[in-house]
Amino acid sequence: MSEKKYYVYSFGCKVNQYESQLISEKFKNDGFERAQKPEDANIIIFNSCTVTATADKECEYFLRKVSRLSNNPKIILTGCLAKNKNIDIQKMFQNIEIVEDKTKLFNESQKQIVSNFDKHSRAFLKIQDGCNSFCSYCIVPYVRNVLWNKPENEVLSEITNFIRGGYSEIVLTGIHVGKYSGGLSDIIEKIVKIPFIFRIRISSIELTEIDDKLIELMWTNPEKICCHLHIPLQSGSDEILKQMNRKYLTREFEKKVDTLTLALPDLALTTDIIIGFPGETEKHHKETCDFVAKTPFTRFHIFRYSDRQDTEASMFENKVPTSTMKTRSKDLFEIDSKKRKDFLNRYIGKKRNAVKIGKDKALTDNYITVQRQSGQIYNDIFEIEITDTSYV
């Protein structure tokens, strides 16, 4: 085994995946070779997530696994778990180096530009970092509290390099991407003018940060901007939204969605929902079910509430039992399943523009995964027919 092999475990969001690529390029530039499996590496980096207790446990599981490897690799823990002061990793594991400031593992801490995106058919592009919204349930502002924005010229240059490197879809991402300091709509207006065949997808955006200009850009540039928005709802109960310190009520959410679907009738609208927020009653749960059922979502990401120590919600009373959260999750999974099928059925037999993902699948602009025909060569962005074997 080479003395200079590294392996990166990446957990959590697309920003973390981008930053794992930055870490990978740092080690390559320092003369290391990427190991195919952790058993072959003498340095293993954990780029962690701590957004939920489940995320903590997943990382801890792999830390235990790696700490027992016979080749005794050096283990570095970085990322959000490393910055969570309420979890003492060094008491749980011996001989782990903790790097709280992840940028120390980048070639250039401020520039943050990657040349490639290993083992991905789509490229993620981090344009923003940090959040100061302080939703009552969320630990992110405590572990990602430094607001950072990539300069406009670097955004445009990096996208151009990705396109020249063969990436047909670039996903714009950030911890709170709608707070991009130059204006998200303004930078997207410049991106769509890049004279190549490509498309961008916005990873996630808050309702309050979708302006008329962004809607118009999506409407006038369907070949460059994917017809898909991920807008976190979190709850369909106004009372719970207030307790969560979200910046909207359901009527405002509904009004914005009506505007979006009128302008973009093919829009794939995905969302996040938290089940079992402290104090959530059956009445609140029913309000959420009723709201998401009538709203034209195409799929949900459903999360059970997880206490994050020192957040405002962690000190709330009336915690919802796990058994109740399981039952309520089932209700929403049933609605989600119907939404996915209904959306897919609208497009069976129709053709949409897509890019390849993995070996045998393609992803349409409006977020439908389609099985690609074996043996057929696909390049860049191509048209593909949606069949009843496709799934969202």
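This is a predicted model, so every value here is computed, not measured. (Residues numbered from 1 in each chain as written. Predicted model: local features only at pLDDT ≥ 70, side-chain atom pairs only at ≥ 80, totals over all residues. Heavy atoms only, no water.)

Engineer: Just to check I follow, could you spell out the overall build of the chain for this structure?
Structural biologist: On a plain count of helices and strands, the chain comes out with twelve helices and 16 strands. Against the globule reference of 21 Å for 392 residues, the chain gives a C-alpha radius of gyration of 22 Å, in line with a compact fold. By principal-axis analysis of the C-alpha atoms, the chain measures approximately 60 × 55 × 40 Å. Per-residue burial over the chain gives 54% buried out of 392 residues. Residue pairs in contact within the chain that sit at least 24 positions apart in sequence constitute 75% of those at least 6 positions apart. Just so you have it, the chain exposes about 18600 Å², and 47% of that area is on carbon and sulfur atoms. (Helix = DSSP H or I, 4+ residues; strand = E, 2+ residues; numbered from the N terminus. Rg over C-alpha atoms; globule rule 2.2 N^0.38 Å. Buried < 20%, exposed > 50% of the residue type's maximum accessible area, 1.4 Å probe, protein only. Contact = heavy atoms within 4.5 Å. Areas by Shrake-Rupley, 256 points an atom, 1.4 Å probe, with all protein chains shown as cover.)

Engineer: What is the right way to read the pattern of salt bridges from this model?
Structural biologist: Side chains that differ in charge, positive against negative, can pair when their charged atoms come close. What the rule picks out here adds up to 27 salt bridges. Between Lys286 and Asp290 there is a salt bridge whose closest N-O contact spans 2.8 Å. Residue Lys286 and its partner Asp290 are both found in helix H11 (residues 282-294); the two are separated by four residues, about one turn of the helix. Note on Lys286: relative accessible area 52%, which makes it exposed. Judged by its relative accessible area of 42%, Asp290 falls in the partly exposed class. One network of salt bridges, with partners in common, ties together Glu19, Lys102, Lys126, Asp129 and Arg144. (Salt bridge = Lys/Arg side-chain N within 4 Å of Asp/Glu carboxyl O.)

Engineer: Would you mind showing me how to read the pairing of strand E11 (residues 268-275) here?
Structural biologist: The side chains of a regular strand alternate, first on one face of the sheet and then on the other. For E11, the buried fraction is high: eight of the eight residues fall into the buried class. Alternating residues of E11 divide into Ala268, Thr270, Asp272 and Ile274 and Leu269, Thr271, Ile273 and Ile275, and every residue in both groups is buried. The sheet contact formed by strand E10 (residues 228-230) and E11 spans three bridges and is parallel. Of the residues in E11, the one forming a bridge with Leu229 is Leu269. (Pairing = 2+ DSSP bridges.)

Engineer: Even after reading the chapter, I still don't get the side chain of Lys339, so can you show me in this structure?
Structural biologist: Along the polypeptide, Lys339 turns up in helix H12 (residues 322-347). One buried charged side chain, Lys339, makes no salt bridge at all; its nearest oppositely charged neighbour is Asp342, positioned 6.8 Å away. If near-sequence neighbours (up to four positions away) are discounted, Lys339 is found in contact with Val292, Ala293, Lys294, Thr295, Pro296, Phe297, Thr298 and Phe300. (Lys, Arg positive; Asp, Glu negative; His and termini not counted.)

Engineer: Would you take a moment to explain the sheet that holds strand E16 (residues 382-385) for this structure?
Structural biologist: Pairing between the strands of a sheet comes from backbone hydrogen bonds, and it takes one of two forms, parallel or antiparallel. Strands sit in the order E15-E14-E13-E16 across an open sheet of four strands; the sheet is antiparallel. Only two strands of the sheet have a single partner each, and these edge strands are strand E15 (369-371) and E16. Each strand of the sheet is rotated relative to its neighbour by a mean of 50 degrees, with strand direction disregarded. (Axes fitted to C-alpha atoms, helices over the stretch in contact; angles between N-to-C directions.)

Engineer: What am I meant to see in the environment of His284 here?
Structural biologist: By secondary structure assignment, the location of His284 is in helix H11. On a C-alpha basis, the gap between His284 and Asp388 in space is 36 Å, while along the polypeptide they are 104 residues apart. In this structure, His284 is in contact with Ser237, Glu239, Ile240 and Gly279, ignoring residues within four places of it in sequence. Looking at His284, its side chain comes within polar contact range of the main-chain oxygen of Gly279, at 3.4 Å. (Polar contact = N/O pair within 3.5 Å; in protein donor to acceptor, adjacent residues only side chain to side chain.)

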